[in-house]
Amino acid sequence: MANTARGPAIPFTERIRPFYGGIFALLCALSSELALRHFVDAKGALPTIGRVTMMFFSLYVIHRFATVSYRAYRPSFRDLMALTLLIFGSMLIIWLGKVLGFSLTTSSFAAGYLHDVSPASWNFMIPFAAASLVLQAILGLHYALVCSLSLAFIVGIYTPGEPILIPYVIATSLVAALSLSRFRSRSAYLRAGLNISLVALPFTLCSIITDGQIVTVDAAVRIIGALASGVLCAFIASGVTPLFEYFGGYVTDLRLIEMATLDHPLLKELSIQAPGTWNHSMVMGMMVESAADAVGANPVIARVGAYFHDIGKMKKPLYFVENQSPNENRHDKLSTSMSALIIRSHVKDGIELARKQRVPAIIEDMIPQHHGTSVIEYFYDKACAEAEANGLDVSTVDISLYTYPGPKPQTREAGILMLADGIEAASRTLSEPTLDRIQGLVQKMINKVFASGQLEESELTLRDLHHVAKSFTRVLSGIYHQRIAYAEPAEKVNEEDASAEEGSNDVGDSSSAKKQEVSGEERPGKEVSKEDLKRLGL
Ligand SMILES: [Fe+2]
Ligand SMILES: [Fe+2]
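Residues numbered from 1 in each chain as written. Chains lettered and ligands numbered in written order. Predicted model: local features only at pLDDT ≥ 70, side-chain atom pairs only at ≥ 80, totals over all residues.

**So, the confidence of the model for the protein**
Stated precisely, the cut-off is as follows: pLDDT expresses how confident the predictor is about each individual residue, on a scale running from 0 to 100. To qualify as a helix, a DSSP run of H or I must reach at least 4 residues; to qualify as a strand, a run of E must reach at least 2; elements of each kind are numbered from the N terminus. Note on contacts: each residue gets a C-beta atom placed from the backbone, and two residues are in contact if those atoms are within 7 Å.
In this model, the protein carries an average pLDDT of 85, and 87% of its residues clear a pLDDT of 70 or more. Per-element confidence in the protein ranges from a low mean pLDDT of 42 for helix H21 (residues 495–500) to a high of 96 for helix H16 (residues 366–369). With pLDDT under 50 throughout, residues 482–504 is counted as low confidence; its partners more than four residues away or in other chains account for 55 contacts.

Here you go:
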């Protein structure tokens, strides 16, 4: 980014952000007139201006409504162009569908068969929902909603004699987007296509009943068209989505799943160089996937983020406690500031490795965010103790040397990852991991991170934290195979557990694990008050 005397220059695409709604509405309005004006009767200059203006305001209102109502709908310029391009692509498909329908009708009529089939009956075969499927895969539900409503407006204005197409477009597009919300394999497209057909079918049957053409060839054409539209949507979306992945740089859940197969070179290397870290990451993967699912965040992003969050440790694996043998601690021979420097460097090293291997940005961002701006307390406390022993004030210890660079977690997935990081490490220090002890540990650690302010930019709510705590407890107690008749309240967790909970696997001193700090722990308050626990609803 170029710098000016007043600071970094703002890119042109950011400077025109207030006009995104207008740009989107204008491009779609003009292109719909261009593509679909053949299907309306009034073709003069005034009707054209009227339709374009009508479309412009309609689409602007949809964009504005989504921007105001949904936090998830904050399109970048690239997103706006992808949305516009997919709507324009849908218009071309509509144009092609209608032209083919008309040609089939006229040619079959001329050949002496399919006499009673109306050109409009072929409309049910048009794959209106394909764009919605692609948008769900690359950008999410809210973009699919904007696309569905926009297409319905366009169809409403440019196919005036076929009002049933408006609800048809909305229903099939929304079902398409919802069907793909659990996008785990290529077959998800086929399942979505099947769902589209299942929704299209009742619409078609209603149109047949309304027109009173129950046992006719026209009715058969409509039914076959409705069934075929789902297949066509799946076919088009599965072909077009990789183009957006490749040329637009979008990352779908499917691509992330492919990365998480453990065949990825970075994960293979991690399992060899730092098996302890690899194991920690795998357990975290289970924890964050379950928690993200429970709060409605993206479980795939969370799981893959967990796999890659500590890849930087493979550069100096033996300085991290989970990779050390019991009687070995490389930090014994180092100064506290040097130890902290090595510990902190796993974040920078991780980002470098991720960039080298072209790990998607959404995963790379989770590497610095999993520690946020927390302090490496073990070494900071050690440095303070050394300063006092030398007759110096603790204020002479530079806390910035012991602080992770940040940023704090920016998403719910990153926030969950930060919580799981400390909890997974601390759970290993529990001498008897019974259900109530795990529950107490989870509750206390979540409360600490929450109170430290590290989660304040992550959009995790108190309700979310409650669900995260339940998920973590369930996964960890499943791993440890422990059962207990009932859970004790958090404040009854005994002192032994309380000290064990201070563990963090990022610090290299295995013999002192019980004294180590929680990632993201707030500096001043080491004990958690009952009031804090109540605030969290834990
Ligand atoms: Fe880490
Ligand atoms: Fe970690």
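On we go from here.
**A closer look at helix H8 (residues 187–211)**
Quick reminder: α-helices carry 3.6 residues per turn. Residues three or four places apart thus point the same way. To keep it simple, the criterion reads: The span you would expect from a helix comes to 1.5 Å times its residue count less one. Burial in this document is a count-based property: other C-beta atoms within 10 Å of a residue's C-beta are tallied, and the residue is buried at 20 or more, exposed at 12 or fewer, or partly exposed in between, with C-beta positions derived from the backbone.
The end-to-end C-alpha distance of H8, which contains 25 residues, comes to 36 Å, matching closely the 36 Å that a straight helix rising 1.5 Å per residue would cover. Of all the positions in H8, only Ala188, Tyr189, Ala192, Gly193, Asn195, Ile196, Ser197, Val199, Ala200, Thr204 and Ser207 are classed as buried. On the buried face of H8, the contacting elements are helix H5 (130–138), helix H7 (165–179) and helix H9 (217–248).

**Details of helix H19 (residues 435–452)**
In a regular helix each residue adds 1.5 Å, so 18 residues correspond to 26 Å; H19 covers 26 Å between its end C-alpha atoms and thus fits that length. Burial of H19 is extensive: 16 of the 18 residues sit out of reach of the surface. Just beyond H19, the residue with positive phi is Gly453, at close to 85 degrees.

**Here we look at the environment of Arg78**
Tracing the backbone shows Arg78 in helix H4 (residues 77–111). You can call Arg78 partly exposed: it has 13 C-beta atoms within 10 Å. Sequence-wise, Arg78 and Tyr250 are 172 residues apart; in three dimensions their C-alpha atoms are separated by 9.8 Å.

**Some words on unusual backbone geometry**
The amide bond that connects Gly406 to the next residue, Pro407, takes the cis arrangement and shows omega of 5 degrees. Checked against the element boundaries, Pro407 lands in the loop between helix H17 (377–389) and helix H18 (412–427). Of note, Arg358 is a non-glycine position whose phi angle comes to about 55 degrees, a positive value. If you trace the backbone, Arg358 turns up in the loop between helix H14 (336–356) and helix H15 (361–364).

**Notes on the environment of Pro407**
Since 13 C-beta atoms lie within 10 Å of it, Pro407 is described here as partly exposed. For the pair Pro407 and Ile367, spaced 40 residues apart in the sequence, the C-alpha separation amounts to 9.8 Å. Discounting chain neighbours no more than four positions away, the residues touching Pro407 are Pro368 and Gln369.

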